[in-house]
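# Inside the fold
So the chains spell out like this:
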Amino acid sequence: VIPGWFSEISPMWPGEAHSLKVEKILFQGKSDYQNVIVFQSATYGKVLVLDGVIQLTERDECAYQEMIVHLPLSSIPNPRKVLVIGGGDGGVLREVSRYASVEKIDICEIDKMVVDVSKQYFPNVAVGYDDPRVSLHIGDGVAFLKAVPEGTYDAVIVDSSDPIGPAQELFEKPFFQSVAKALRPGGVVCTQAESIWLHMHIIEEIVSNCRQIFKGSVNYAWTTVPTYPSGVIGFMLCSTEGPPVDFKHPINPIDADDGHVKTNGPLKFYNSEIHSAAFCLPSFARKVIDSK
Ligand code: AAT
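So, here is what we can say about the structure in this document. (Residues numbered from 1 in each chain as written. Predicted model: local features only at pLDDT ≥ 70, side-chain atom pairs only at ≥ 80, totals over all residues. Heavy atoms only, no water.)

### A closer look at the sheet that holds strand 5 (residues 53-57)
Using the following cut-off: Strands qualify as paired when DSSP identifies two bridges or more between them. Each helix is a run of DSSP H or I of at least 4 residues and each strand a run of E of at least 2, with the numbering of both proceeding from the N terminus. Structural elements are reduced to axes, namely lines fitted to C-alpha atoms, with helices fitted over the stretch in contact, and the angle between N-to-C directions of any two is expressed from 0 to 180 degrees. Here, two residues are considered to be in contact whenever any of their heavy atoms come within 4.5 Å of each other.
Taken in spatial order, the 5 strands of this open sheet run 1-2-3-4-5, and their pairing is antiparallel. On the outer flanks of this sheet lie strand 1 (5-7) and strand 5, each paired with one strand and no other. Neighbour-to-neighbour, the strand axes of the sheet open up by a mean angle of 40 degrees, direction not taken into account. When strand 4 (residues 46-50) meets strand 5, the two strands line up antiparallel, connected through 4 bridges. For Val-47, the partnering residue across the bridge sits in strand 5 and is Thr-57. Of the strands in this sheet, strand 2 (19-30), strand 3 (35-41) and strand 4 touch helix 3 (residues 112-121), which is tilted by about 125 degrees from strand 2.

### Some remarks on the site of the ligand
Threshold: To be near a molecule or strand, a residue needs just one of its heavy atoms within 4 Å of it. Polar contact is defined as a pair of N or O atoms within 3.5 Å, subject to the rule that within protein one atom must be able to donate a hydrogen and the other to accept it, and that residues adjacent in sequence are counted only when both atoms are side-chain atoms. With residues, only the protein chains shown are counted as cover, and all accessible areas are computed by Shrake-Rupley using a 1.4 Å probe. Each residue gets one of three labels, nonpolar for Ala, Val, Leu, Ile, Met, Phe, Trp, Tyr, Cys and Pro, charged for Asp, Glu, Lys and Arg, and polar for the others, Gly among them.
The environment of the ligand is made up of 30 residues, and the closest members are Asp-89, Glu-109, Asp-140, Gly-141 and Asp-159. At 2.9 Å from a nitrogen atom of the ligand is found a side-chain nitrogen or oxygen belonging to Asp-140. Within the contact set of the ligand, a nitrogen atom lies 3.0 Å away from a backbone nitrogen or oxygen of Pro-166. In isolation the ligand exposes 670 Å². Once the protein is present, 99% of that is buried. Counting residues per element, the ones that place at least two in the shell around the ligand are strand 5, helix 1 (61-73) and strand 7 (104-109). Ranked by residue count, the leading element in the shell around the ligand is strand 5, at 3 residues. In terms of residue class, the shell around the ligand is made up of 13 nonpolar, 11 polar and 6 charged.

### Re the pairing of strand 12 (residues 232-239)
What counts is decided by this rule: We call a residue buried when its accessible area falls under 20% of the maximum for its residue type, exposed when it is over 50%, and partly exposed in between, using a 1.4 Å probe and counting protein chains only.
By the criterion of burial, strand 12 is predominantly enclosed, with 8 of the 8 residues buried. Bridging between strand 10 (residues 183-192) and strand 12 involves 5 bridges; their strand directions are antiparallel. Opposite Val-188, over in strand 12, you have Ser-239 as the bridge partner. Direction of pairing for strand 11 (residues 218-224) relative to strand 12: antiparallel, over a ladder of 7 bridges. The residue bridging Asn-219 from the neighbouring strand is Leu-237, located in strand 12.

### Focus on the packing of helix 6 (residues 173-182) against helix 7 (residues 200-213)
The condition that has to hold: Left-handed describes a crossing in which the near helix is turned anticlockwise from the far one by less than a right angle; the clockwise case is right-handed.
Remark: helix 6 packs on helix 7, axes separated minimally by 10 Å, with the N-to-C direction vectors making an angle of 35 degrees. The handedness of the crossing between helix 6 and helix 7 is right-handed. For the pair formed by helix 6 and helix 7, the contact residues are Lys-173, Phe-176, Gln-177 and Ala-180 on the first element and Ile-206, Asn-209, Cys-210, Gln-212 and Ile-213 on the second. Per-class residue counts for the contact of helix 6 with helix 7 are 5 nonpolar, 3 polar and 1 charged.

### Details of unusual backbone geometry
Despite not being glycine, Asp-51 shows a phi value in the positive range, around 45 degrees. Of note, Asp-51 is situated in the loop between strand 4 and strand 5. With a phi angle near 60 degrees, Glu-194 is a residue other than glycine that sits in the positive phi range. Structurally, Glu-194 can be placed in the loop between strand 10 and helix 7. Of the residues examined, Glu-194 reaches a relative accessible area of 3% and is grouped as buried.

So this is what it looks like as C-alpha cells:
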C-alpha cells in the first residue's frame, strides 16, 4: 500500500488493485452494515467507498448511473412506476426523474448512512432525492421485494454493491424471481452485473438464472467506468412475458427532444449510439453469454 494513496483491494479482483491519490479524508464511519469513507481524490473529485470498494466518484459516476437507468427506461413506453434497489447515493434517482411519464419512484437502500453521507458530500448526486415522486425505504431490498404486490412496477433497477457483504442475495436466483413477480407483463429490470474481464463466472450464473426466469428478452450490456475494477461494468437487462421489449432498439429515446424533463442538467455520457454499442460483446464474452 502506497502512503497517501487509496488502493481498492478485494478477493473479487485478486492480484490487482486500482489506486487513487488521496488529498483529504472527509468522512469515516461504521454503519450497521459496512465501513463508509468519503475522500477527496487528486483527479476524480470526491469518492465514496464502502467496505474498501469504490461506489462512485464525482468524475465518472455519470457513466454508470446514466447507463443503468436509460438502458432500461428508454426501452419501454411511458414508464410510470419504478423501483430502485440499493443506489442510496441518489444518482439513479436523479436519472429516473428525467422521465416525465414517471409517477412514482420507490427506493429501498439498506444503509441510511449512505443516504446521509451522499446528501452531505455529493449534492449533485443526492439531488435525486429532491424529486417529490421519490419515496425512500430504508431496509433490505430482498425483503422489500418479497412484500411487493404482483405486477406493481414497470421497471426495477438494481444498483447494488458487489456480492460480498449485504448485497450477496441480490445476485441469487430467488431475488430475480421476486423481481420478475414485482414487474408488470413486459416490465423491465436492469441490474449491476459486474465485469466481463473479472467475473465471467458470476455473469454466467446470472444469465442462466435470468433465462429461466424472464420469458421476454434477456440481454447483457456494459459500459466503461474508469474507477470500477477493470474499468468496465455490465448490466443484466431482462423483460417479463408480455408486450415485447427490444432493448437494442429503444422506443422511448431519452435524448430525443420531447417527453423528458429538462432538469438535472444535460446527460454527460449516455446517447443513442452508446446505447446500441453497449450490447456489442467481445467474442469471449458473447460465447459464454449466448451459450446459457
Ligand atoms: N450508485 C453507486 C453504486 C453502487 S451503490 C450500491 C448500494 O447498494 C450501496 O449504497 C449499498 O448500501 C446498497 N445495498 C447493498 N446491499 C443492499 C441490500 N441488500 N438492499 C438494499 N441496498 C443494498 C454500486 C457500486 C458497484 C461497485 C462495483 N465494484
